[in-house]
Amino acid sequence: MVFWRKKKNAAEQEQEERDDKLLHRTDDPEIGPSTDYEAEINEDVKHELNQSEMEVIDELEASPVPKHTPAGDKQEKEELSDHTNEGGWLSRLTSGLTKSSHKITQGLGDILTKKKLDQDMLDELEDLLITADLGPKTAAKVVEEFSKDRFGKDVSEEEVKLALASAMEDILKPVAKPLDTSGAEAGEPFVILVCGVNGAGKTTTIGKMAHDFVIHQKKSVMLAAGDTFRAAAIEQLKVWADRVHCPIIAKDIGADAAAVAFEAYEKAKAENRDILMIDTAGRLQNKQNLMEELEKIIRVLKKQNEALPHAVLLVLDATTGQNAYSQVETFQKMVNVSGLIVTKLDGTAKGGVLIGLADQFGLPVHAIGVGEKIEDLSPFSAKDFVNSLVGVAEV
């Protein structure tokens with residue numbers, strides 16, 4: 001029995017030796033010594049390993065700069081340059097309103113198959129204006145004004161366009177008012193609270209307006225990232241602040257928006273800034289929370305000065321068409337909206353909504369946007385707008 005075990009052990013030993021030869025060839029390099037030990041590091045090396053980012057930057061001969069690409073630099077230079085004399089605003093407006101203008105002019109061509117203006121033609125014209133989002137009341141008002149002294153008479157397409165443009169301009173003229181930023185007391189900034197639903201172009205509009213204030217009006221501006229619900233809104237506003245070269249007050253996502261507004265106002269006042277623009281949240285899916293947040297911002301500002309904010313602007317996306325009416329009604333209940341900015345008119349055939357808004361609410365329209373570039377946001381001109389909308393030459 002013992003002999004058999006010895007034999008077995010010997011056989012196992014021989015097998016292990018054969019396995020070892022296979023795993024460790026005689027020509028293999030020797031295994032190095034273990035490095036599993038506590039290395040001794042002197043204080044200088046420890047300091048280098050534990051240097052802070054600021055210490056590293058301080059030791060650099062040149063400070064690091066953000067990465068740039070030639071294409072990106074070229075685009076930013078193009079967007080920030082002065083395009084005043086390149087084609088002109090009227091040219092960009094006409095181009096931007098192409099969809100809306102085409103809908104109306106094509107419709108007029110289909111309606112004016114006969115020369116004499118009768119009731120059937122007026123009914124069709126009213127329907128056309130309703131489809132262009134003027135709204136039933138405003139469309140009826142425009143057609144009634146247009147038909148005065150013309151009913152039963154021969155009319156040409158050009159005459160109809162001019163008459164429609166005149167009737168629409170009468171509605172828009174009273175609301176075409178540039179934003180006046182001269183109402184602040186001495187030593188205080190003019191405070192603008194900017195509202196609007198998410199996606200309306202609120203943050204971009206703030207950036208474009210800040211650019212105009214700084215570059216063309218030579219005013220000092222500060223931005224406040226009051227939409228603390230969305231990280232993207234905060235980051236986007238920071239990018240605009242950097243491009244326009246103006247300071248921004250921003251806190252972490254979820255911070256108290258009223259606290260952001262208060263801190264921004266205090267800092268803008270201390271730095272003697274001309275204008276403070278405050279971005280706000282636009283979560284209409286939770287109207288109660290949004291209303292409470294906007295009310296709190298205004299309440300905090302009024303504690304500093306009862307006249308604050310000096311302006312409450314509502315940014316509207318023209319592509320929403322008739323939904324813009326309900327947005328105005330909703331925000332009017334939340335805050336005392338003092339003026340409108342209508343954006344994205346280039347992306348819709350619903351440009352007529354602006355006429356309906358003016359007729360129904362009578363709120364000043366300070367500016368309109370017809371593109372993504374900085375110069376595509378401009379003060380609102382009733383005459384230029386209606387001429388471009390119905391496709392007539394400037395008269």
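Right above here is the structure, for reference.
Below you will find a few notes about this structure.

How each quantity is defined
Starting afresh in each chain, residues are numbered from 1 along the sequence in its written order. With pLDDT at 70 or above as the cut-off, local features in this predicted model cover only qualifying residues; side-chain atom pairs require 80 or more to be listed or tallied, and sums for whole chains, interfaces and linings still use all residues. Here the side-chain values reflect all heavy atoms present in the structure, with hydrogen atoms and water set aside. The way it works is that DSSP assigns letters per residue, a run of H or I at least four long becomes a helix, a run of E at least two long becomes a strand, and they are numbered from the N terminus. Helix span, expected: 1.5 Å multiplied by one less than the number of residues in the helix. Only protein chains enter the accessibility calculation, which uses a 1.4 Å probe; a residue whose area is less than 20% of its type maximum is buried, one above 50% is exposed, and one in between is partly exposed. By definition, the arc is the one covered by directions from the helix axis to the C-beta atoms. The contact rule is simple, with two residues in contact once any of their heavy atoms fall within 4.5 Å. Classification of ring pairs uses Phe, Tyr and Trp, with its six-membered ring standing for Trp, and accepts pairs whose centres are within 6.5 Å; under 30 degrees between planes counts as stacked, over 60 as edge-to-face, and the remaining range as tilted. Here, strands pair whenever DSSP counts at least two bridges between them. A pair is scored as a salt bridge if a Lys or Arg side-chain nitrogen falls within 4 Å of a carboxyl oxygen belonging to Asp or Glu.

Some words on helix 12 (residues 257-270)
Then, number 1: Counted at 1.5 Å a residue, the expected span for helix 12 with its 14 residues is 20 Å, and the 20 Å between its end C-alpha atoms agrees.
Then, number 2: Burial in helix 12 covers these residues: Ala-257, Ala-258, Val-260, Ala-261, Ala-264, Tyr-265 and Ala-268. Down the axis of helix 12, the buried side of the element spans an arc of 155 degrees, and every buried residue falls inside it.
Then, number 3: Buried residues along helix 12 sit in contact with strand 1 (190-195), strand 2 (221-224), strand 3 (248-249), strand 4 (275-279) and helix 13 (287-304).
Then, number 4: Taken from the residues just after helix 12, Asn-272 is the one with a positive phi, measuring 60 degrees.

Some words on the packing of aromatic side chains
Then, number 1: All told, the structure shown has 2 aromatic pairs when counted by the stated rule.
Then, number 2: For the ring pair Tyr-325 and Phe-361, a centre distance of 6.4 Å and an interplane angle of 40 degrees mean the geometry is tilted. Of this pair, Tyr-325 sits in helix 14 (residues 323-334) while Phe-361 is found in helix 15 (residues 353-361), placing the two residues 36 residues apart along the sequence.
Then, number 3: With a relative accessible area of 24%, Phe-361 lands in the partly exposed category.
Then, number 4: Centroid distance Phe-380 to Phe-385: 5.6 Å. Interplanar angle 65 degrees. Geometry classified as edge-to-face. Of the two residues, Phe-380 and Phe-385, neither departs from the other in class, the shared state being buried.

Details of the sheet that holds strand 1
Then, number 1: Spatially, 3-2-4-1-5-6-7-8 is the arrangement adopted by the 8 strands of the open sheet, whose pairing is mixed. The open sheet has two edge strands with one neighbour each: strand 3 and strand 8 (377-379).

What about the pattern of salt bridges?
Then, number 1: Under the counting rule described, the total for this entry stands at 12 salt bridges.
Then, number 2: Glu-235 serves as the salt-bridge partner of Lys-238, at 3.7 Å between the closest nitrogen and oxygen. Within this pair, Lys-238 and its partner Glu-235 are both found in helix 11 (residues 231-244), separated by 3 residues, close to a single helical turn.
Then, number 3: Judged by its relative accessible area of 36%, Lys-238 falls in the partly exposed class.
Then, number 4: In this structure Glu-235 comes out as partly exposed when scored by relative accessible area, which is 45%.
Then, number 5: Linking Lys-267 and Glu-271 is a salt bridge whose minimum nitrogen-to-oxygen distance equals 3.5 Å.
Then, number 6: Through salt bridges with shared partners, a single network forms among Lys-267, Glu-271 and Arg-273.

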